[in-house]
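Chain residues, written in single-letter form:
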Amino acid sequence: MTNSFDDLPKPIHDPQAGVTAQTAAAEPARPSSAGYEPLLAQFAREYLLDRRNERRWKLFFRLIWLALIAVVAWSLFLQRHHMQNPNAPHTALVEVRGEIAADTEASAELLVSALKSAFEDSGSQAVILRINSPGGSPVQAGIVYDEIKRLKLKHNKKVYAVVEEMCASGAYYIAAAADDIYVDKASVVGSIGVLMDGFGFTELMGKVGVERRLLTAGANKGMLDPFTPVSAKQQAFAQAMLDQIHQQFIAVVREGRGKRLKETPEIFSGLFWNGEQALTLGLADHFGNLDFVAREVVKAEEIIDYTPRDNVAERLAKRFGAAMGEGAIHAMRGSLNLR
């Protein structure tokens, strides 16, 4: 039996649908609305999670700010309570801690400001410099020394230096302005000298084949350049400058210590001694700490600290603020990247 195209079933036309059954069968099946429900549900869950995380971080930072405000308010309250009667008899304290330099807590700017406040307070019976410093800039130390001498004369008040761990170089420059210096038997005292240090890399540069190209206007503008061979003339000039500053230091110590100083060939050589030896050499006067001097010498046991310090908010911001903010941002970004 043979087949022909005429024998094939004819397509049935549906006038209402406007298409043939064969055409309809050829079209792909369209997904129903039920296929989008899981995707919409996932999107809704992630959107809610994002909004929840955002609210949590906002709440977290609000709590942090409230805590900072509370700490600052409490600090101000304590400070006001402590200083409510500054005119009462007391011992004024000014700390000299760390390196003496322009941008440190022991800068001349901060120390002079504290000293002025301490001397000008009518209730302060005397000023104690509590020192724990290896020294630093002779310029900064000289400014503080001169100001102490001026304020002593103007206000007719005594100044006592109390050494803790160390009072060396520029710190001893400042201590020399005190009427008396108190030390612990193990304190480090002295180092009356001046130094200028650096490095020289000329031989190393020759070995590795590096050529130094330095252009200057002025024969000595590149003086003490670490990549240029040392000039005997320039070195002698620098040494003369150091010697002159050293003599200024010596003059200050002699002026401050007077006949108490027992000069030896080593006293101004840059050596340092413990507190017991310092008493023998006349670099210090007595053994004693802060409380002892305030109680037994000044006769004003109440101590008020005039040292300028960062306030609580600044310290918290420096220590924790940036780190916490950065950590929070990283955490938020991490949660977003996981979605």
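Along each chain, residue indices are assigned from 1 in the same order as the chain's sequence is written. Since the coordinates come from a predicted model, pLDDT governs what is reported: local features require at least 70, and pairs of side-chain atoms require 80 or more to be given and counted, while whole-chain, interface and lining totals use all residues. Computation of side-chain values covers all heavy atoms of the structure but excludes hydrogens and water.

Time to look at the pattern of salt bridges. Salt bridge, as applied in this entry: a Lys or Arg side-chain nitrogen positioned within 4 Å of an Asp or Glu carboxyl oxygen. Evaluation of the coordinates by the stated rule reveals 12 salt bridges. The shortest N-O distance in the salt bridge between Arg97 and Glu95 comes to 3.0 Å. Take Arg97: its relative accessible area is 33%, and that puts it in the partly exposed class. Across the salt bridge formed by Glu164 and Arg97, the nearest N and O atoms sit 2.8 Å from each other. Of this pair, Glu164 sits in strand β3 (residues 158-168) while Arg97 is found in strand β1 (residues 90-97), placing the two residues 67 residues apart along the sequence. Linked by salt bridges that have partners in common, Glu95, Arg97, Arg130 and Glu164 make up one network. Exposed residues in this analysis have more than 50% of their type's maximum accessible area, buried residues have under 20%, and partly exposed residues fall in between, with area computed by a 1.4 Å probe over protein chains only. Strands are runs of DSSP state E lasting at least two residues, helices are runs of H or I lasting at least four, and both sets are numbered from the N terminus onward.

The next subject is helix α9 (residues 290-298). If you check which residues of α9 are buried, you get Leu290, Val293, Ala294 and Val298. Buried residues of α9 fall within an arc of 95° about the axis and therefore sit on the same side. Throughout, a residue-residue contact means that at least one pair of heavy atoms, one from each residue, lies within 4.5 Å. In this structure, the buried side of α9 is in contact with β1, β2 (124-133), β3, β4 (180-183) and β8 (303-305). Where α9 begins, the capping side chain belongs to Asn289, and its oxygen is found 3.4 Å from the backbone nitrogen of Asp291. Here the arc refers to the set of directions running from the helix axis out to each C-beta atom. Whenever two N or O atoms come within 3.5 Å, that pair is a polar contact, provided that in protein one can donate a hydrogen and the other can accept it, and provided that, for residues adjacent in sequence, both atoms are side-chain atoms.

This part is about helix α3 (residues 108-120). To estimate how far a helix should reach, multiply one less than its number of residues by 1.5 Å. Compared with an ideal rise of 1.5 Å per residue, which puts 13 residues at 18 Å, α3 spans 18 Å between its outermost C-alpha atoms and is within 8% of the ideal. Listed as buried for α3 are Ala108, Leu111, Val112, Ala114, Leu115, Ala118 and Phe119. Seen end-on, α3 carries its buried residues on one side only, within an arc spanning 165°. Facing away from the buried side of α3 by more than 90 degrees, the exposed set consists of Glu109 and Glu120.

Taken together, the side chains of Phe199, Phe201, Leu204, Val208, Val210 and Phe227 present a nonpolar region at the surface, about 590 Å² in accessible area. Note that Leu204 resides in helix α6 (residues 202-208). Excluding any residue in a salt bridge, patches collect residues exceeding 30% relative accessible area, merging like charges within 9 Å and nonpolar Val, Leu, Ile, Met, Phe, Trp and Tyr side chains within 5 Å. All accessible areas in this document rest on Shrake-Rupley with a 1.4 Å probe, and a residue is counted as covered only by the protein chains that are shown.

This paragraph deals with the nonpolar core. Put simply, a nonpolar core is a bunch of buried Ala, Val, Leu, Ile, Met, Phe, Trp, Tyr and Cys residues held in one set by side-chain atoms that sit within 4.5 Å of each other. The biggest cluster of nonpolar side chains holds 49 residues, and the ones touching the most others in it are Val94, Leu115, Tyr172, Ile174 and Leu283. At six residues, the largest contribution of residues to this core is made by α3. Counting residues in each nonpolar core, the second largest holds 12 residues, with Tyr160, Tyr182, Leu290 and Ile303 among its members.

Let's shift gears to the environment of Ile128. Structurally, the position occupied by Ile128 is in strand β2. For Ile128, a relative accessible area of 0% corresponds to the buried category. Residue contacts for Ile128: discarding those within four places in its chain leaves Thr91, Ala92, Leu93, Val94, Tyr160, Val162, Leu290, Val293 and Ala294.

Moving on, we come to the pairing of β3. At least two DSSP bridges between two strands are required for those strands to pair. Here β2 pairs with β3 via seven bridges, running parallel. Along β3, the bridge assignment pairs Ile131 with Val163. Running through helix α4 (residues 138-155), the crossover from β2 to the neighbouring parallel element β3 is right-handed. For β3 and β4, the ladder comprises three bridges, and the chain directions are parallel. The residue bridging Val162 from the neighbouring strand is Tyr182, located in β4. In the sheet, β3 pairs with strand β5 (residues 188-190) via three bridges, with the strands oriented parallel. Within β5, the position partnered with Met166 by the bridge is Val188. Seen with its strands pointing away from the viewer, a crossover is right-handed when the path leading from the first strand over the helix to the second is clockwise.

Right, let's get into the packing of aromatic side chains. The pairing test for Phe, Tyr and Trp rings, Trp by its six-membered ring, is centres within 6.5 Å, and the orientation test on the planes gives stacked under 30 degrees, edge-to-face over 60, and tilted for anything in between. Summed over all chains, the structure comprises four aromatic pairs. When the centroid spacing of 5.7 Å and the interplanar angle of 90° are considered together, the rings of Tyr145 and Tyr173 count as edge-to-face. Taken as a pair, Tyr145 in helix α4 and Tyr173 in helix α5 (residues 170-175) lie far apart in primary sequence, 28 residues in all. Both residues of the pair, Tyr145 and Tyr173, count as buried. Taken together, a centroid distance of 6.3 Å and an interplanar angle of 70° make the contact between Tyr160 and Tyr182 edge-to-face. Residue Tyr160 is found in strand β3, and its partner Tyr182 is found in strand β4; the two are separated by 22 residues along the sequence. Of the two residues, Tyr160 and Tyr182, both sit in the buried class. Grouped by ring-pair contacts, the aromatic residues Tyr145, Tyr173 and Phe249 constitute a single cluster.

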